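Analysis of the macromolecular model
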Amino acid sequence: MAVCRSRLSTVFIKIALTIILLFSIQESQSQNTIGLPNVTNFTQQDFKAGVQNWMITQDALGIMYFANTDGLLTYNGNDWKIFPLPNKTLVRSLAISPDGKIYAGGQDELGYYFPSRNGTLQYHSLKSRLPLKDRSFADVWNVYLLGKQIFFRCTDRIFVYDTAGDDKANLKLKVKVYQAPSEWSFMGKAGGLILAQDKKEGLLYFTAGSWKLLTAGFNGKTITAALTAGKDSVLITTLKDGVFLYHHNRLERIGIKEGVNHAHIYTAIGISKNEFALGTTSDGAYIINLKGQIIRHFTSATRLQNNNVLSLFVDKESNLWLGLDKGIDLLDYNSFIQTISPVSNTPAACYTASIFQGQLFIGTSDGLYQTPLNKTIHQDLSFSTNTFTRVAGSGGQVWGLFPTTRHLLMGHNEGIYQIEHHRAVPVFKDEGVWLFNYLPGSPAKDQIITGNYAGMNLLKEAGGKVTDAGRVPGSPYESLRFMAIDSIHHIIWSSHPYRGIYKLQMSPDMRRVLHTTLYTEKQGLPGRLNNYVYTLAGEIVICTNQGIYVYDQTKDRFIPSATYQKIFGKMVLRMVVEDSSHNIWFVTQKKLGVALHNKGIQYFPELTGKLISGFEFIFPLNGQNIFVGSNDGLIHINFEKYQQKRGQARLLLSKVVAISNRDSVLFNGYFTDKSQILTRQSSAGIFHLPARFNSFHFEYTTTVYRQPSDFRYAFQLVGFDKDWSAWSEKKEKDYTNLSYGKYIFRVKTRDRFGKESKVLEYTFVIEPHWYQTNLAYSVYGIVVILFLIFLHKWQLRKFDAQKEKYEKEQQQLQYLHQLEIEHSEREIIQLQKEKLEAEVAFKNQELASTTMHLFKRGKVLSKLKEELMTVVKKMPVREQKSEFSKLIKMLNEAEKQDNDWEQFSIHFDEVHNNFLTNLKHTYPDLTQSDLKICAYLKMNLSSKEIAQLLNISLKGVEVARYRLRKKLNIPSSQINLYDFLVEKLE
C-alpha cells in the first residue's frame, strides 16, 4: 500500500511538473513578438569542425572567429576555415587586439594568431614567456584586452601579458601571474574595467597592477557575464540567481521571469543601450531590457538548432550570433523583414491576412489564425507580443478575408464564413469562394459580390448578419478568382489564367449578367495564358507576360499601357497592388518588388522564391507594415526602415592562388594592422613570381551575413583587361597564360540598392623568363649586332661571291660567246678553207690540167721528135736532114726551157701557201729538179707521171726521190716522202 502511495505521489509530482513546465512555456511564449527574424542554421556539415563553439568575435573587416572544439574557426561569408592549436586541443576564448592579433586561450595553451606574409593565420604561443613554474595549466576560459594588457583566466590563476614595449630582451618579465584566492570563476570587461570573481572574495576589479574588491554581494553566486549598461552601470548575470544591476556602488536585482533563472544563464551580451541577450543552457536565448522585461525569446520552437547557448555575439550589422552546444545560429535580429508564423515551429503557407478590430488574422492552408495586437497600426506590428490561436471551425484552405464595417468574411474552399467570437460561422457553403467586393451602387455598403469556383454570388449584410442573396443570374460557370469592377460602364472584368479575360456586361443595378465576352490574343492580348486583372489608381489593368495592358473602349481591344510600359516595360507580371504612397508593389518571376513613386524599382531578394507561386498575396497597410504571403508564414516588411538601412558593403579578398605545376597560395584572406593587405603596403611586399606562374585564381566575398547576400561583383586585371567586367554573382575569377609584367587585380561590389563598395586591389609581378630579362635582351642585342655584322659581312661575301660568280658567268658567257665567235670564225674559216680548198682543188685541177697539158705536150713533142728522128733517119737528102735536125734541135730546146716551170711554180705556191718558197727557204740545197719532184709529190702524182713530166725514166725518178730524202734529212724509210711533205712542211 505504501508502495502504491509512493508511486501515486510520484505520478502526481510528474503531472504537476509537466503542468508547470507547460505553463512556463506558454508564459514565455506569450511574451514573444509575433514577428521573428530569419534564422540561419550552420551545422557541423557546413563548417566541418567541432560542434561546440565557446566564444565568438569579429575583426575590422567583418571576418567572424569562433572558439571551436577543434581550434580557431573562421568564416568570411563564403568560406569556413579551421586553424588548430599546436596541442590539438579546443579553443575556449578569443579576443582581437587593435593591431590585428587574435589572442586565444585553450587547454594548457595561450597565444595569438597572426597572418603570415601571404595572409595565412599562424599561431604564436606565449607559453615560453610565462614563468617556468606556471607553464602547465588547465583551460583558459576568458581573454580580455585592456589597453596594452592581455588578461587570460584559468580557474586557478590569471595571466596578465603586457604588450607595451614588446621586445625579446624582457620576455619573462612581461607576464604576471595572479593566483586565485580560492577559485577564479569568472572574468569579464565592463565599464572600462576588467572584472573577475573569486568564489570567496567576491567580485574584484583590476587596477594599478592588483585586484581590488568591487562588491561581495555575489558570494555563493556564479557570475556568467558583466555588461556595460549605460554610464556608471554594469549589468551582471548569474548562472542560477538571476540578473543584477550594479550602479553607483549599489547592487540591485532586476526582476525577471523565474523560468529564465531555471534555464541557467550561461552567457550574455549587450544588443543596444537598453536591450541585452541572455544565453541559457536549456531554454535558448532571451532578449530583455533593463527592467527585466522579456522582449523576445528564441528557442528550438523558433528554429534554433538547440536550446543550449554557449556564446553570444552581435556583429557590425547587429546580427545576433549564437554559439550552440551543437552548431552555430545566426539571427537577423536587426532586420526589418520579419516572419510571422501563426503555427508555432510549423511551416505554414499563408494565403491572406487582414486586420480587424485590433486583431491580426492570417489565412493558411490549415485554417484561420488570429492574435490580438498590442501595437497600433502606425507602429511596427511585428513587435506586437502575443500568441496565435486558431479560429474554431475554420479548418481547411482559406483563400481570402474581407472586413466589412461590422463583420469579417472569410473565403474558404468550402464557402463563405463570418468570423464571430473566435468562431467561423458558415454563410454560404455551395462553392469555394475566392474574393469579395462591394457592389457598386450600394451607398450603405451592404451589398457584396463574390467570385467563387463556379461564377458569382451576392451577399447582403443586414441585422448584424451576412446572408446569401443567391447566384448572380447569367454568371458564367467559371472559376472567377480575379475580378475588377468598372462601375461607370457596368462591367465586371474577370481573368482566367488559362483562357483569357472575361468581360461581363452587367445590368445597371449590377445584379445580373447581360452577356459575356471572352477576350484572347485576337483582341490584342499577348496570349490566352497568364493574364491577371487588377485595379491601379482607379483604372482596370491586365498583368501579362509582356507587361501591363489596358482596355481601349473605342477599339474594343487590349493595348499596352503607355503609362506602365515606362515603369515595367515588357516585364512578366503576376500581381500589382498600389499602396497609400502610390508605390506599386508587384510580383515578377517569383520575386517581390516595388515601383517607388518617381524613384525607380527596388527588389526584395530576401523573399525571392518564398512567395506562393500562383497565389501571391500583398497587403500594403502602411510604410511600417507591408504583409506578404509566403510558403513559410506571413512576411512582414517595415519598408520605411528597410530603405534607411544602407551600410557600406565590406569587400574581402579571400584567396589568391598562383597556378603552375604546383600551386602556390599568395594570399589566404586574413588581414593585419589597419585592415590592410600585407602585400599592398610597399613595393617590397609585392609578390614577384617566377615566369612559370602565369595563371591565377582569385576569390572574393562580402562579409555581410544577412541572408540573402544579394551582391554583384565586378573585377578588372590592370595590365590585361581593358575595362571592368559586367556585374555578376560570381565570387571567383581565373586568369591563364599571362605574360610577364606588373598586374593589379581590382574588385568591387554593389548591393541591392546599387551602392558600390570601395575598390579592393591586389598587386603582383610575374618575372620574365631568363630569356626575357634585361640581361638576356642585352645579350640578344649583342647577338643581333654581331649577327648584323656577320650578316653584313656574309652579304658582302655573298655579294663578292655573286660578283665572282657573275664575273665567271660573264667570263663563261664571254667564253661561250668567244666559242660561238670562234665557232663562227671556224665555220667561216672552214667555209673559207672549203672555199680555198675548192679554189686549191680548182687550181690543183688547173695545175693538174696544166701539168697534164705539159705532160701531153711533152709527150707529143717527144713523140713528134721520135717521129721526126725516124723520118730523118729515113730521109736520104742530107740537106733535108739538116733542116729536120734543126727542127729536132728546136724541140730539144723547147723541152729544156723552164718558162713553163716558172709559171707552174708561181701558180703552185699560190695554191699551196708558198710551199716551194718555204721549202727552198728551209732546204736551200734543193735543186730545181728537186723542187719539181717535191711539187709533183705534193700534187700526189705517181712516179710514172713524174718521169713523163721530167722526161726521165722511172729509175731516174727513184734515184731522184732517194737523193731528195737525203737532202730533206728524212731519218727513216718508214716515213713516206709524201706524208713528210704534207704534214711536216705544211
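Here, every reference points to the structure presented above.
Remember, it's a predicted structure, so these values are computed and weren't measured experimentally.

Time to look at the overall build of the chain. Scanning the chain from terminus to terminus reveals 13 helices and 65 strands. Taken across its 986 residues, the chain has 47% of its residues classed as buried. Within the chain, contacts between residues at least 6 apart in sequence are counted, and of these 50% link residues at least 24 apart. Carbon and sulfur atoms form 53% of the exposed surface of the chain, whose accessible area is close to 49,300 Å².

It is worth spelling out the sheet that holds strand 4 (residues 64–68) at this point. Pairing is antiparallel in the open sheet, where four strands are placed in the order 3-4-5-6. Single-partner strands in this sheet number two, and they are strand 3 (53–58) and strand 6 (80–83). Strand-to-strand twist across the sheet, computed as the mean angle between neighbouring axes with direction ignored, equals 20 degrees. Looking at chain direction, strand 5 (residues 71–75) and strand 6 are connected through four bridges and run antiparallel.

Take the packing of helix 10 (residues 928–938) against helix 11 (residues 943–950) next. Angle between the axes and distance between the axes: these two values describe a pair of packed helices. Packing of helix 10 against helix 11 brings their axes to within 10 Å, and their N-to-C directions diverge by 140 degrees. One element, helix 10, and the other, helix 11, form an angle in the oblique class. By crossing handedness, the relation of helix 10 to helix 11 is classed as right-handed. On helix 11, the residues that touch Lys932, Ile933, Tyr936 and Leu937 of helix 10 are Ile946, Leu949 and Leu950. Classifying every residue of the contact of helix 10 with helix 11 gives six nonpolar, no polar and one charged.

Further remarks concern helix 11. If you check which residues of helix 11 are buried, you get Ser943, Ile946 and Ala947. Each buried residue of helix 11 sits inside an arc of 100 degrees when the element is viewed along its axis, so together they form one side. Those residues of helix 11 that are buried lie in contact with helix 10 and helix 12 (954–967).

So, on to helix 9 (residues 915–922). Of all the residues in helix 9, the buried ones are Phe915, Leu916 and Leu919. When helix 9 is viewed along its axis, its buried side chains cluster within an angular range of 90 degrees and face the same direction.

This next bit is on the packing of helix 10 against helix 12. The contact between helix 10 and helix 12 brings their axes to 10 Å, and the two run at 100 degrees. Relative to helix 12, the element helix 10 is oriented roughly perpendicular. In contact with Asp930, Ile933, Cys934 and Leu937 of helix 10, helix 12 contributes Ala960, Arg961, Leu964 and Lys967. Residue composition of the contact of helix 10 with helix 12, grouped by class: five nonpolar, no polar and three charged.

Before going further, it helps to spend a moment on the packing of aromatic side chains. According to the stated counting rule, one finds 60 aromatic pairs in the structure shown. Between Tyr178 and Phe206, the aromatic rings sit 5.5 Å apart at their centres with planes inclined by 85 degrees, giving edge-to-face as the arrangement. In this pair, Tyr178 is assigned in strand 14 (residues 175–179) and Phe206 in strand 17 (residues 202–207), connecting sequence segments 28 residues apart. The buried category is assigned to Tyr178, whose relative accessible area is 16%. These aromatic residues form a ring-pair network of at least three members: Phe667, Phe696, Phe698, Tyr700, Tyr713, Phe720, Tyr735, Tyr743, Phe745, Tyr762 and Phe764. Geometry around Phe114 places Lys101 over its ring, the cationic atom sitting 5.3 Å from the centre. Its guanidinium or amino end placed over the ring of Tyr603, Lys591 lies 4.5 Å from that ring's centre, counting from NZ or CZ.

Looking now at the pattern of salt bridges. Scanning all chains against the criterion turns up 17 salt bridges. Here Arg250 ties to Glu252 by a salt bridge, and the two come within 4.0 Å at their closest N and O atoms. According to the relative accessible area criterion, Glu252 is partly exposed, its value standing at 36%. Via salt bridges that share partners, Lys133, Asp134, Asp156 and Arg157 belong to a single interconnected network.

Moving on to the nonpolar core. Among the nonpolar cores identified, the biggest contains 47 residues, and Leu592 and Ile637 are the most heavily contacted of them. If sequence neighbours within four positions are ignored, Ile637 has contacts with Phe336, Ile337, Trp585, Leu592, Phe604, Leu607, Gly623, Gln624, Asn625, Ile626 and Val628.

Our focus in this paragraph is the sheet that holds strand 11 (residues 142–146). Pairing in this open sheet of four strands is antiparallel, and the strands run 11-12-13-14 from one edge to the other. Sheet topology places strand 11 and strand 14 at the edges, where each strand pairs with a single neighbour. Looking at each pair of strands side by side, their axes are set apart by 20 degrees on average, direction ignored.

Along the chain, Leu73 falls in strand 5. Put simply, Leu73 and Phe83 are 10 residues apart on the chain and 6.4 Å apart in space, counted from C-alpha to C-alpha.

Look at any regular strand and the pattern is simple: side chains alternate between the two faces of the sheet. Most of strand 36 (residues 408–412) sits inside the fold, with five of its five residues counted as buried. Of the two faces of strand 36, both are covered, the one formed by Leu408, Met410 and His412 as well as the one formed by Leu409 and Gly411. Where strand 35 (residues 398–403) and strand 36 come together, five bridges link them in antiparallel fashion. What sits directly across from Leu401, in strand 36, is Met410. Hairpin connection, strand 35 to strand 36: the antiparallel pair is bridged by four residues. Bridge count between strand 36 and strand 37 (residues 415–420): four bridges; the pairing is antiparallel. Looking at strand 37, one finds that Met410 is bridged to Tyr417.

Turning next to the side chain of Lys503. Along the chain, Lys503 turns up in strand 45 (residues 500–506). Of the side chains bearing the opposite charge, Asp556 lies closest to the buried Lys503, which forms no salt bridge; the N-O distance is 4.2 Å. At 3.4 Å, the side chain of Lys503 forms a polar contact with the side chain of Tyr551. The contact partners of Lys503, leaving out residues within four places of it in the chain, are Ile491, Ile492, Trp493, His515, Thr516, Thr517, Tyr519, Tyr551 and Asp556.

The rules behind each value
By convention here, each chain's residues receive numbers from 1 onward along its written sequence. Thresholds applied to this predicted model are a pLDDT of at least 70 for local features of residues and 80 or more for the giving and counting of side-chain atom pairs; totals over whole chains, interfaces and linings are not thresholded and use all residues. By convention in this description, side-chain values take in all heavy atoms of the structure and omit both hydrogens and water. Put simply, DSSP H or I for four residues or longer makes a helix, DSSP E for two residues or longer makes a strand, and each gets a number counted from the N terminus. When a residue's accessible area, from a 1.4 Å probe over protein chains only, is under 20% of the maximum for its type it is buried; when over 50% it is exposed; and in between it is partly exposed. Residues are treated as being in contact if the distance between any of their heavy atoms lies within 4.5 Å. Computed with a 1.4 Å probe, the accessible areas rest on the Shrake-Rupley method; for each residue, only the protein chains presented here act as cover. The pairing criterion is simple: DSSP has to find at least two bridges between the two strands. With axes taken as lines fitted to C-alpha atoms, and helix axes fitted only over the stretch in contact, angles between N-to-C directions fall between 0 and 180 degrees. Any angle between 65 and 115 degrees counts as roughly perpendicular, while under 35 counts as roughly parallel, over 145 as roughly antiparallel, and the rest as oblique. It is the rotation of the near helix from the far one that decides the hand of a crossing: anticlockwise by less than a right angle makes it left-handed, clockwise makes it right-handed. Three classes are used: nonpolar for Ala, Val, Leu, Ile, Met, Phe, Trp, Tyr, Cys and Pro, charged for Asp, Glu, Lys and Arg, and polar for all others, with Gly counted as polar. Note that the arc is computed from the directions linking the helix axis to the C-beta atoms. The rule is short: rings of Phe, Tyr and Trp, with Trp giving its six-membered ring, pair when the centres are within 6.5 Å, and they are stacked under 30 degrees, edge-to-face over 60, tilted in between. The rule for a charge over a ring is simple: NZ of Lys or CZ of Arg within 6 Å of the ring centre, and within 35 degrees of the ring normal. Just to be clear on terms, a salt bridge is a Lys or Arg side-chain nitrogen sitting within 4 Å of an Asp or Glu carboxyl oxygen. What is meant by a nonpolar core is a set of buried Ala, Val, Leu, Ile, Met, Phe, Trp, Tyr and Cys residues, joined one to another through side-chain atoms within 4.5 Å. Think of it this way: Lys and Arg go in the positive column, Asp and Glu in the negative one, and His and the chain ends go nowhere. N or O atoms within 3.5 Å of each other form a polar contact, as long as, within protein, one can give a hydrogen and the other can take it, and as long as residues adjacent in sequence are counted only when both atoms are side-chain atoms.

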